[in-house]
Amino acid sequence: MESIETNWKIGEIVNIQRSDRMLKNGRMETYKQFVSSRYVCIREASNEKRGILVKVLGKMPASFINIVEGMPFVKDDTEHLFYNSNYYSFPFPKAAEVEEVLSIIRNNQELLKQFESISMHVNPESTFWIRETTRNRLLIKQAQYFDARSSHTYTASKDDIHYRLSVVYYYNSELIW
């Protein structure tokens with residue numbers, strides 16, 4: 001978590017300074033989650049609620065998703081060093097977080113227009129990758145997605161393509177992700 005100025009207004013485009021955290025540290029490969037770049041403020045922070053920033057990462061096929069330390073991971077950025085490689089992924093939001101974000105966006109046409117204006121197309125009635133995973137019969141973890149129409153989560157198949165979101169909360173000058 002990082003201390004920052006957080007007086008953002010709904011619809012404002014927010015540039016977050018790159019920040020990462022370790023997910024898995026191996027000998028040859030390191031996996032980290034990160035946040036960075038442009039987000040849209042969809043809810044202002046108040047005394048009762050945290051503010052919400054959202055980045056639409058577009059649609060992503062299931063074949064790009066790996067499970068690292070029990071969590072879905074996509075190699076969004078890579079850093080090759082002399083002895084090892086660092087892989088970075090935007091963290092996947094929980095199903096409840098996606099549901100909350102979609103309900104806010106659905107009820108505010110100006111937010112939808114703002115996402116479109118910065119080339120972050122999103123359909124709030126679509127399907128979205130989530131952090132939760134499930135186990136198949138071989139006890140191997142599999143990615144899941146949230147269906148906005150039914151408000152249910154489903155196990156992904158290898159041919160699935162769903163939207164990806166990065167959700168960052170802010171409160172009292174701290175980013176929470």
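1. A few points about helix α1 (residues 95–106)
Turning to step 1, where the next piece is worked out: The end-to-end C-alpha distance of α1 is 16 Å, a good match for the 16 Å that twelve residues give at a rise of 1.5 Å each.
Turning to step 2, where the next piece is worked out: Those residues of α1 that fall on the buried side of the exposure criterion are Ala95, Glu97, Val98, Val101, Leu102, Ile104 and Ile105.

2. A word on the nonpolar core
Turning to step 1, where the next piece is worked out: Within the largest apolar cluster, 25 residues are counted, with the highest numbers of intra-cluster contacts made by Ile42, Ile52, Val101, Phe115 and Phe128.
Turning to step 2, where the next piece is worked out: Looking at this core, the elements with two or more residues in it are β2 (29–43), β3 (51–61), α1, α2 (109–117), β8 (127–135) and β11 (161–171).
Turning to step 3, where the next piece is worked out: Tallying contributions element by element places α1 first for this core, with six residues.
Turning to step 4, where the next piece is worked out: For Ile52, the contacting residues outside a window of four places in its chain are Val40, Cys41, Ile42, Arg43, Glu100, Val101, Ile104, Val167, Val168, Tyr169 and Tyr170.

3. Let's talk about α2
Turning to step 1, where the next piece is worked out: By the burial criterion, the buried members of α2 are Leu111, Leu112 and Phe115. Angular distribution of buried residues about the axis of α2 spans 100°; they occupy a single face of the element. Set apart from the buried face of α2 by more than 90 degrees, the exposed residues are Glu110, Lys113 and Ser117.
Turning to step 2, where the next piece is worked out: On the buried face of α2, the contacting elements are β2, β3 and α1.
Turning to step 3, where the next piece is worked out: The N-terminus of α2 is capped by Asn108, whose side-chain oxygen sits 3.0 Å from the backbone nitrogen of Glu110.

4. Description of the pairing of strand β7 (residues 85–89)
Turning to step 1, where the next piece is worked out: Burial of β7 is extensive: five of the five residues sit out of reach of the surface.
Turning to step 2, where the next piece is worked out: The alternating pattern of β7 places Ser85, Tyr87 and Ser89 and Asn86 and Tyr88 on opposite faces, both of which are buried.
Turning to step 3, where the next piece is worked out: Counted between consecutive antiparallel strands, the loop separating strand β6 (residues 77–80) from β7 contains four residues.

5. Quick word on the pairing of strand β9 (residues 141–147)
Turning to step 1, where the next piece is worked out: Burial analysis of β9 places five of its seven residues in the buried class, which makes it a mostly covered element.
Turning to step 2, where the next piece is worked out: Bridge count between β8 and β9: seven bridges; the pairing is antiparallel. Looking at the pairing, Thr127 lines up with Asp147 of β9.
Turning to step 3, where the next piece is worked out: From the end of β8 to the start of β9, which pair antiparallel, there are five residues, and Leu139 there has a positive phi angle of about 65°.
Turning to step 4, where the next piece is worked out: Sheet topology places β9 next to strand β10 (residues 152–155); four bridges connect them, and they run antiparallel. Each bridged residue has a counterpart across the sheet, and for Asp147 the counterpart in β10 is His152.

What counts as what
- Residues numbered from 1 in each chain as written.
- Predicted model: local features only at pLDDT ≥ 70, side-chain atom pairs only at ≥ 80, totals over all residues.
- Heavy atoms only, no water.
- Helix = DSSP H or I, 4+ residues; strand = E, 2+ residues; numbered from the N terminus.
- Expected span 1.5 Å × (residues − 1).
- Buried < 20%, exposed > 50% of the residue type's maximum accessible area, 1.4 Å probe, protein only.
- Core = buried A, V, L, I, M, F, W, Y, C linked by side-chain atoms within 4.5 Å.
- Contact = heavy atoms within 4.5 Å.
- Arc of directions from axis to C-beta.
- Polar contact = N/O pair within 3.5 Å; in protein donor to acceptor, adjacent residues only side chain to side chain.
- Pairing = 2+ DSSP bridges.

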